[in-house]
Amino acid sequence: MPDDVDLTLGTHWEEDEVVFELYIAKDQPTDAVVLTEARVNQYDGQVRSVRVFEKAIAGVMAKERS
């Protein structure tokens, strides 16, 4: 990841899950670039899923090279 990219870790709730997102914030929240997402059950702490958005990461890395 380029040194000049500021990463943000955010959380929000969806039903019985806490969703953790690592993203690049933008001026408008809808423009944020989500890089990873993990969903954790709020009751038993089980990780339900982990997603890595490879196209978003590749896009950030491509901007670094140009």
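> Quick one: what's the story with the environment of Thr11, residue by residue and with numbers?
Position of Thr11 relative to the elements: it lies in strand β1 (residues 7-14). Through-space distance from the C-alpha of Thr11 to that of Arg39 is 9.7 Å; in sequence the pair is 28 residues apart. Once residues within four sequence positions are removed from consideration, Thr11 is found in contact with Val18, Val19 and Phe20.

> Talk me through the side chain of Asn41; I want residue IDs and the actual numbers.
Relative to the helices and strands, Asn41 is located in strand β3 (residues 33-41). Residue classification places Asn41 among the buried residues on the basis of a relative accessible area of 5%. Among residues more than four places away in sequence, those in contact with Asn41 are Asp16, Glu17, Gln46 and Arg48.

> Help me get a handle on the layout of surface pockets, residues and values and all.
Any empty space left between atoms is shown by rolling a water-sized probe over those atoms. Volume-wise, the largest pocket comes out at about 170 Å³. Lining the largest pocket are Pro2, Asp4, Val5, Ile24, Lys26, Val33, Val60, Lys63 and Glu64. With 3 residues, the top contributor of residues to the lining of the largest pocket is helix α1 (residues 54-65). Residues that form the lining of the largest pocket fall into these classes: 5 nonpolar, no polar and 4 charged.

> Quick rundown of the sheet that holds strand β4 (residues 47-52)? Include the residues and the values.
Within the open sheet, the 4 strands sit side by side as β1-β2-β3-β4. Their pairing is antiparallel. The open sheet is flanked by β1 and β4, the only strands paired with a single partner. The sheet shows a mean angle of 15 degrees between the axes of neighbouring strands, taken without regard to direction. When strand β2 (residues 17-24) meets β3, the two strands line up antiparallel, connected through 8 bridges. Bridge pairing in β3 places Glu17 opposite Asn41. Contacting β2, β3 and β4, α1 crosses the sheet at an angle of about 145 degrees to β3.

> An account of a nonpolar patch on the surface is requested, with residue identities and associated values reported.
Taken together, the side chains of Val47, Val50 and Val52 present a nonpolar region at the surface, about 280 Å² in accessible area. Its location among the elements puts Val47 in strand β4. Take Val47: its relative accessible area is 52%, and that puts it in the exposed class.

Thresholds applied
- What you see as residue numbers is a count from 1 along each chain, following the sequence as written.
- Local features are withheld for residues below a pLDDT of 70 in this predicted model, meaning they are given only at 70 or higher, and side-chain atom pairs are given and counted only at 80 or more; totals for whole chains, interfaces and linings count all residues.
- Only hydrogens and water are set aside; all other atoms, that is, all heavy atoms of the structure, feed into the side-chain values.
- Secondary structure counts use DSSP, requiring at least four H or I residues in a row for a helix and at least two E residues in a row for a strand, with both numbered from the N terminus.
- In this description, contact between two residues means that some pair of their heavy atoms is separated by no more than 4.5 Å.
- Buried residues are those whose accessible area, probed at 1.4 Å on protein chains only, stays under 20% of the maximum for their type, while exposed residues exceed 50% and partly exposed ones sit between those limits.
- Only protein atoms enter the 1 Å grid, on which a cavity is a set of points fitting a 1.4 Å probe that cannot get out and a pocket is an open set with protein on both sides within 12 Å along at least 5 of 7 lines, lining residues being those with an atom within 4 Å of a point.
- Grid points are joined across faces, edges and corners, and a volume is the space filled by probe spheres set on the points.
- For this scheme, ten residues count as nonpolar: Ala, Val, Leu, Ile, Met, Phe, Trp, Tyr, Cys and Pro. Four count as charged, namely Asp, Glu, Lys and Arg, and the remainder, Gly too, count as polar.
- If DSSP finds at least two bridges between two strands, the strands pair.
- Helix axes are fitted only over the stretch in contact, all axes being lines through C-alpha atoms; the angle between N-to-C directions runs from 0 to 180 degrees.
- Like-charged residues are merged into a patch within 9 Å and nonpolar side chains (Val, Leu, Ile, Met, Phe, Trp, Tyr) within 5 Å, provided each residue has over 30% relative accessible area and no salt bridge.
- Reported accessibility uses the Shrake-Rupley method at a 1.4 Å probe radius. Residues are deemed covered only where the shown protein chains occlude them.
- What makes a salt bridge here is a side-chain nitrogen of Lys or Arg within 4 Å of a carboxyl oxygen of Asp or Glu, nothing more.

All we've got here are geometric facts, nothing functional implied.
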